[in-house]
Every structure is written in structure tokens, then in C-alpha cells.
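# Breakdown of the fold
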Amino acid sequence: MSARFEELGWRQTPIGEISLRRRFDPTVRADVYEVKLGDEYLMSSLFTVAERELSRLGLARTPGDQLDVVVGGLGLGYTAREALVDPRIRELTVIEYSDAVIDWHVRDLLPDTTGLAADSRVELVCADFFAAATGSVGFDPTRPGRTYDALLLDIDHSPKHVLHGPNADFYTGAGLRAVANHVVAGGTFAMWSDDAPDDDFRAALESAFVDVEAQRITFANPLTRGESTATIYLATRA
């Protein structure tokens with residue numbers, strides 16, 4: 001029998017200590033994998049519906065075949081894994097700030113996403129998503145200005161609850177107009193948020209994209225025996 005609690009990985013980063021832990025949860029009677037930044041919980045394998053819906057909804061509105069897609073934030077890998085379900089994916093570039101997180105996947109420490117790093121369609125890149133998104137070079141230094149069919153973002157808790165102060169500039173009209181330059185015409189920008197739809201952020205999004213919507217995602221919460229919600233923002237590059 002495995003231990004009830006185990007820290008699988010830990011590393012100091014410029015924005016704090018990031019760690020991966022596994023614990024047996026008696027409520028669901030299963031192992032749960034969690035990522036923490038310092039004392040703050042970032043994600044849990046108990047709650048993956050919204051992360052998977054980010055990919056499903058974002059790619060559902062993305063036209064074309066042979067799609068090149070960027071995922072902002074690797075985490076436990078559920079957004080990237082769900083994107084690979086779409087048979088149109090040609091190349092999936094996952095931008096992750098922490099090399100520790102990439103290492104967890106290279107070593108296949110997470111049972112639900114085993115093999116993700118080895119998938120021939122996947123490139124795991126250790127970089128600052130927000131710097132790349134708002135810069136002229138973009139997400140591929142070998143091809144400055146390269147555009148993508150879809151960008152799927154799941155890093156901060158919400159536009160007003162960011163993990164690192166400088167990230168807040170991304171959620172302004174100027175930041176979103178900059179990232180729009182890395183999306184093909186007719187392509188998709190989609191983003192997860194843990195908060196209710198934000199009118200200010202939606203207005204900023206509408207200054208850079210068209211066909212903007214905010215979908216509420218409801219999912220079961222086994223800890224409260226109730227329901228929890230998240231928001232998926234969806235927008236199209238004109």
C-alpha cells in the first residue's frame with residue numbers, strides 16, 4: 001500500500017516554492033494530485049472539468065485542419081491532454097514557466113497524463129507565457145511572429161487574481177491586442193478563470209477580438225458535496 005501522503009517534487013522558483021504532492025483522499029477514496037505555490041493551491045486532480053472544457057470549447061470553435069495550438073500553463077496536464085483528443089492537432093506547444101513542472105511530466109509522475117511529454121505532437125517549452133504573448137517574437141524564437149490557430153490559457157486564477165504581479169498587464173486591452181497578433185485570422189483565444197464573468201475583462205477582450213463570450217462551467221465538488229463553477233472565455237481573431 002502506498003503512503004497516504006507523499007511530496008513528489010519541489011523546487012524554488014522566482015515566484016515562490018512550487019511543489020507536487022500526492023495524498024489519499026478518504027472522501028473520494030482515491031489518490032489526489034495537487035500543485036501548490038508556497039501555501040497556495042494552484043490545481044488538483046479532483047477538479048479537472050473546467051481545464052478540459054477549456055480545450056474542448058476552444059477547439060470546437062476553431063476552424064481548419066492540421067491545427068497548431070499553444071497552451072499557456074502545463075500544470076497537471078489536463079488541458080493539454082484534452083487538446084490532443086482533437087484529431088486535427090498537428091503541433092501542440094505548451095508554455096510552462098517552471099522547469100520543475102515540465103520535469104514532472106517528463107518523468108511521468110502523474111498517472112492521468114502519462115505519456116504526454118513523449119507525444120510526437122507535443123513540445124514542452126520552459127518560458128514566460130506572458131512575455132512571449134506580448135512580445136513581437138512570440139512563442140517560437142526560431143520563427144518570430146509565428147501565428148497559431150488557437151491559444152488556450154490556464155495560468156492565473158482570474159484576470160484580477162494573478163499569481164505574479166506583472167501578469168496583470170496582460171489582461172488589459174493593450175495586452176490582449178498584443179497576443180491577438182499571434183493568432184491567425186479566424187483563430188481562437190480561450191481562457192480559464194476561477195471567478196464569475198468579469199465585465200471589465202470582457203470589454204478588454206472585445207477590444208482585441210470578436211465573438212466574445214463567457215461560459216459558466218458547473219461541476220461536482222466532492223469535498224462540499226455541492227457544485228462549483230468556473231468561467232471559460234472564448235474569442236475569435238477578426
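Here is a short report on the structure shown in this document.

Here is what the cut-offs are and how they apply
- Starting from 1, residues in each chain are numbered consecutively following that chain's sequence as written.
- Whole-chain, interface and lining totals are the exception, using all residues; otherwise, since this is a predicted model, local features are given only for residues with pLDDT of at least 70 and side-chain atom pairs are given and counted only at 80 or more.
- Side-chain descriptors were evaluated using all non-hydrogen atoms of the structure, hydrogens and water having been removed beforehand.
- Aromatic pairs are defined between Phe, Tyr and Trp rings, using the six-membered ring for Trp, whenever the two ring centres lie within 6.5 Å; interplanar angles under 30 degrees are classed as stacked, those over 60 as edge-to-face, and all others as tilted.
- What counts as a helix is a DSSP run of H or I of at least four residues, what counts as a strand is a run of E of at least two, and both are numbered from the N terminus.
- Relative accessibility decides the category of a residue: with a 1.4 Å probe and only protein chains considered, values under 20% of the type maximum give buried, values over 50% give exposed, and everything between is partly exposed.
- Any two strands with at least two DSSP-identified bridges between them are counted as paired.
- In this description, a line fitted to the C-alpha atoms serves as the axis of each element, helices being fitted only across the stretch in contact, and the angle between N-to-C directions of two axes falls anywhere from 0 to 180 degrees.
- For this analysis, residues touch if any pair of their heavy atoms sits within 4.5 Å.
- One less than the residue count of a helix, multiplied by 1.5 Å, gives the span that helix is expected to have.
- When a carboxyl oxygen of Asp or Glu lies within 4 Å of a side-chain nitrogen of Lys or Arg, that pair is called a salt bridge.

## Describing the packing of aromatic side chains
In this structure the tally under the stated criterion is twelve aromatic pairs. Ring centres of F129 and F170 lie 6.0 Å apart, and the angle between their planes is 65°; this geometry places the pair in the edge-to-face category. On the criterion of sequence distance, the pair formed by F129 in helix α4 (residues 129–134) and F170 in the loop between β8 (148–153) and α5 (173–180) is long-range, its members being 41 residues apart. What makes F129 buried here is its relative accessible area of 3%. In this structure F170 comes out as buried when scored by relative accessible area, which is 2%.

## Here we look at the sheet that holds strand β1 (residues 5–13)
In sheet architecture, strand pairing relies on hydrogen bonds along the backbone and comes in two forms, parallel and antiparallel. If you walk across this open sheet you meet the four strands as β1-β2-β3-β4, and the pairing is antiparallel. Of all strands in the sheet, those bounded by a partner on one side alone are β1 and β4 (40–44). Sheet twist, expressed as the average angle between the axes of neighbouring strands with direction ignored, equals 25°. Against the sheet, helix α3 (residues 99–106) engages β1, β2 (16–25) and β3 (30–37), with an angle of about 35° to β2.

## Quick word on helix α1 (residues 49–60)
Over its twelve residues, α1 runs 16 Å from end to end, which matches the ideal 16 Å to within 8%, given 1.5 Å per residue. Within the sequence span of α1, burial applies to A50, E51, E53, L54, S55, L57, G58 and L59.

## Thoughts on unusual backbone geometry
A positive phi angle, close to 55°, is found at R29, a residue other than glycine. Taking the relative accessible area as the measure of exposure, R29 reaches 65% and is therefore exposed. Not every positive phi belongs to a glycine, and Q66 is a case in point at roughly 50°. Position of Q66 relative to the elements: it lies in the loop between α1 and β5 (67–72). A residue is classified by how much of its surface remains accessible, and Q66, at 47% relative accessible area, is partly exposed.

## Thoughts on the pattern of salt bridges
Per the counting criterion, the structure on display carries 18 salt bridges. The partner of E53 in a salt bridge is R56, and the shortest N-O contact between them spans 2.7 Å. Residue E53 and its partner R56 are located together in helix α1, separated by three residues, close to a single helical turn. You can call E53 buried: its relative accessible area is 17%. Look at R56 and you get partly exposed, because its relative accessible area is 43%. A salt bridge links D198 to K160, with the shortest nitrogen-to-oxygen separation between them at 3.4 Å. Taken as a pair, D198 in the loop between β9 (183–193) and α6 (199–206) and K160 in the loop between β8 and α5 lie far apart in primary sequence, 38 residues in all. Residue class for D198 comes out buried when judged on its relative accessible area of 13%. A relative accessible area of 60% places K160 in the exposed class. A single network of salt bridges, built from pairs that share partners, joins D68, R90, E91, D140 and R146.

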